[in-house]
Amino acid sequence: MSTEAEVTTTGVKVELPKSYEDIKDLIRVDRLPHIWCPGCGLGILLKLLARAIKNSGIPIEKHVIVTGIGCTGRLGGYLKLDAYHVTHGRAIPFAVGLKMANPELEVTVVGGDGDILAIGGNHFIHAARRNDDINVIIVNNFIYGMTGGQYSPTTPKGAKTTTSPYGHYENPFNVPLLAYAAGASYVTRWTVLHQNELYQSLLEMFKVKGFAVVEVLSPCIIYTDRNAMGDAVDLMRVLKERPVIDHRANLADLDIDFSMKKIILGNFVKRERPVSYG
Amino acid sequence: MVLAQQDEVWSMRRLVNLHKMKRPIGKVIVNPDLCKDCRFCIEFCPNNVLEESKDVNIKGYHYPVVRPGKELDCVACRMCEKVCPDFAITIVSEEYTTYDKYYGVSRHAHGG
């Protein structure tokens, strides 16, 4: 079908290469090249998520992607799946409703740090408390990228953003600790560079019965621009060199500060709790 | 002193079947119109095979090309393919080279 070159909306003839043959029926080739900035990690997550959905063992008709507002909200539009694009922060309640109405569905919420933790923060902790059987992927790029670089709940202390030009003075969220404390069944954190590990945890996420949270650290050129950290490549180099993989790390130590000297990755939590819905 | 001895030992040691050992040669295929010049592939290539082109694509971005003289250096590890967010780069590896042919016999046989 998409082996022949397709003319996209931008007038570019696009042919997916041979190595993407396994996911060519999941990617909307006519929409490529996608709208994300050069240096954004979301394209990598799109590939991995499509591969994980393909190899999850669950039929593609049963998969649903729900996205909120933001750069990450565009992710559903590039997948040939049932994808819903809902209001800001309300992706999780929408997904819970889908799961209640039809428990056979495998509902995945993909959202940014601002979408899920700031505007939808209340929904996030209460879905985790109820342990609803949905999957949440939080793409953490430390900033509101699409709207021009306002600080988000995960912006490290001291970072300069549009709304904190002299340095941010609030403490950020520790996302794995928050998810664990609220009651999530499965909590992991990876970067877009740790692709094999991230892929494995995405596969695991579909199997887990309960609220699964995957935090994905992703570079953002808006964040690096505001903080004079160079290009997205420089942040990607930091994400390559600094992280330490420690599956048994104390969850209280997982804060990421502005210097990014200590980034701990791993599959932190996997436990069984009673599931409310689904 | 110890180091010198080790060097001698290593120069004597050589895999018996080295002339039979093969490694893949990767062929880099870039779709220039999808590239957005994020430089991830250039940065993360372990053999430093890629560089920015002098030309631009229809949107004005410089896309990756193979560095001149490094055509045989790609070992098809597919790292560039993995880190590319834009589906723009892919590696085809159908040919193989033997170590003797690529590195020269003397370098491996006599320790460089």
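About the criteria used
- Residues numbered from 1 in each chain as written.
- Chains lettered and ligands numbered in written order.
- Predicted model: local features only at pLDDT ≥ 70, side-chain atom pairs only at ≥ 80, totals over all residues.
- Heavy atoms only, no water.
- Helix = DSSP H or I, 4+ residues; strand = E, 2+ residues; numbered from the N terminus.
- Rg over C-alpha atoms; globule rule 2.2 N^0.38 Å.
- Buried < 20%, exposed > 50% of the residue type's maximum accessible area, 1.4 Å probe, protein only.
- Contact = heavy atoms within 4.5 Å.
- Areas by Shrake-Rupley, 256 points an atom, 1.4 Å probe, with all protein chains shown as cover.
- Lys, Arg positive; Asp, Glu negative; His and termini not counted.
- Charge placed at Lys NZ, Arg CZ, Asp CG, Glu CD.
- Salt bridge = Lys/Arg side-chain N within 4 Å of Asp/Glu carboxyl O.
- Pairing = 2+ DSSP bridges.
- Phe/Tyr/Trp six-rings, centres within 6.5 Å; stacked < 30°, edge-to-face > 60°.
- pLDDT = per-residue confidence, 0-100.
- Axes fitted to C-alpha atoms, helices over the stretch in contact; angles between N-to-C directions.
- Parallel < 35°, antiparallel > 145°, perpendicular 65-115°, else oblique.
- Left-handed = near helix turned anticlockwise from the far one by under 90°.
- Nonpolar A, V, L, I, M, F, W, Y, C, P; charged D, E, K, R; others polar.
- Polar contact = N/O pair within 3.5 Å; in protein donor to acceptor, adjacent residues only side chain to side chain.
- Core = buried A, V, L, I, M, F, W, Y, C linked by side-chain atoms within 4.5 Å.
- UniProt positions renumbered as here; feature names shortened; annotations may be inferred.

Chemist: Would you take a moment to explain the overall build of chain A for this structure?
Modeler: In terms of helices and strands, chain A carries eight helices and 10 strands. In terms of overall size, chain A behaves like a compact globule, its C-alpha atoms giving a radius of gyration of 18 Å where 278 residues would be expected to give roughly 19 Å. In chain A, which comprises 278 residues, the proportion classed as buried is 56%. Contacts in chain A between residues at least 24 apart in sequence constitute 65% of all its contacts with a sequence separation of at least 6. When the accessible surface of chain A is summed, it comes to about 11,400 Å², and 51% of that surface belongs to carbon and sulfur atoms. Within chain A, one finds 30 positive and 28 negative side-chain charges whose respective centroids are separated by 2 Å.

Chemist: Would you mind showing me how to read the pattern of salt bridges here?
Modeler: Side-chain pairing between opposite charges can occur once the charged atoms of the two side chains come close. Residues and elements named next belong to chain A. Tallied over the entire structure, the rule returns 15 salt bridges over all chains. In this structure, Arg 130 and Asp 132 form a salt bridge, with 3.1 Å as the shortest nitrogen-oxygen distance. Under the relative-accessibility criterion, Arg 130 is labelled partly exposed at 26%. Linking Glu 215 and Arg 189 is a salt bridge whose minimum nitrogen-to-oxygen distance equals 2.9 Å. Note that Glu 215 is positioned in strand β8 (residues 212–217) and Arg 189 in strand β7 (residues 186–191), a separation of 26 residues in sequence.

Chemist: Explain the sheet that holds strand β3 (residues 63–67) of chain A to me, please; I cannot follow it from the model alone.
Modeler: Two modes of strand pairing occur in sheets, parallel and antiparallel, and in both the strands are linked by backbone hydrogen bonds. Residue and element names in this part refer to chain A. Read from one edge to the other, the open sheet built from eight strands follows the order β4-β3-β5-β6-β8-β7-β10-β9, with strand pairing classed as mixed. Among the strands making up the open sheet, the edge pair consists of β4 (82–85) and β9 (244–245). Both β7 and β8 contribute to a ladder of six bridges, which runs parallel. Looking at β8, one finds that Tyr 186 is bridged to Ala 212.

Chemist: I'm lost on the packing of aromatic side chains in this one. Help?
Modeler: Evaluation of the coordinates by the stated rule reveals six aromatic pairs over all chains. Note on Tyr20(A) and Phe87(B): the rings are 5.2 Å apart at their centroids and 70° apart in plane angle, and the pair reads as edge-to-face. Here Tyr20(A), found in the loop between β2 (13–14) and α1 (42–54), pairs with Phe87(B), found in the loop between α3 (79–83) and β4 (89–98), and the two come from separate chains. For Tyr20(A), a relative accessible area of 1% corresponds to the buried category.

Chemist: What am I meant to see in the confidence of the model for chain B here?
Modeler: In regions of low pLDDT, the predicted coordinates are not meant to be interpreted in detail. Of the residues in chain B, 73% reach a pLDDT of 70 or more, and the chain-wide mean stands at 80. Scored as a whole, the predicted complex attains pTM 0.88, and scored at its interfaces, ipTM 0.81.

Chemist: Just checking my understanding: could you explain the packing of α1(A) against helix α6 (residues 195–207) of chain A for this structure?
Modeler: The description of two helices packed together rests on the angle between their axes and the distance between the axes. Residues and elements named next belong to chain A. Running from N to C, α1 and α6 cross one another at 45°; their axes reach a closest spacing of 9 Å. Here α1 is positioned oblique relative to α6, judged by the angle of their axes. Here α1 runs over α6; the crossing is right-handed. Counted together, Ile 44, Leu 45, Leu 48, Leu 49, Arg 51, Ala 52 and Ile 53 of α1 and Gln 195, Leu 198, Tyr 199, Leu 202, Leu 203 and Phe 206 of α6 form the full contact between these two elements. Broken down by class, the residue content of the contact of α1 with α6 amounts to 11 nonpolar, one polar and one charged.

Chemist: Got a minute to help me understand the side chain of Asp133(A) in this structure?
Modeler: All names here are of chain A. As for its placement among the helices and strands, Asp 133 is situated in the loop between α4 (121–130) and β6 (135–140). The class for Asp 133 is buried, based on a relative accessible area of 8%. In terms of polar contacts, Asp 133 uses its side chain to reach the backbone amide nitrogen of Gly 210, at 3.0 Å.

Chemist: Teacher, can you tell me more about the nonpolar core here?
Modeler: A general tendency of soluble globular proteins is for nonpolar side chains to be buried together. Ile27(A), Leu45(A), Leu49(A), Leu75(A), Leu79(A), Ile137(A) and Phe87(B) are the most contacted members of the largest nonpolar core, which has 80 residues in total. When residues in this core are grouped by element, the largest group, nine residues, is from α1(A). Setting aside its immediate chain neighbours within four residues, Phe87(B) contacts Leu16(A), Pro17(A), Tyr20(A), Ile23(A), Ile27(A), Leu32(A), His34(A), Leu46(A), Lys47(A) and Leu34(B). Counting residues in each nonpolar core, the second largest holds 32 residues, with Ala95(A), Phe124(A), Ala249(A) and Val269(A) among its members.

Chemist: Teacher, can you tell me more about the environment of Ile138(A) here?
Modeler: Residue and element names in this part refer to chain A. Tracing the sequence through the fold places Ile 138 in strand β6. Note on Ile 138: relative accessible area 0%, which makes it buried. Linking Ile 138 and Ile 116, residues 22 residues apart in sequence, is a C-alpha distance of 7.1 Å. In this structure, Ile 138 is in contact with Gly 111, Gly 112, Asp 113, Ile 116, Leu 117, Phe 124, Val 175, Val 213, Val 214, Glu 215 and Val 216, ignoring residues within four places of it in sequence.

Chemist: Help me understand the UniProt feature "domain: Thiamine pyrophosphate enzyme TPP-binding" (unreviewed entry) in chain A in this model?
Modeler: Look at the UniProt record and you will see "domain: Thiamine pyrophosphate enzyme TPP-binding" (unreviewed entry) annotated at residues 74–216 of chain A. Along residues 74–216 of chain A the backbone is 34% helical and 20% strand, and the end-to-end C-alpha distance reaches 16 Å.

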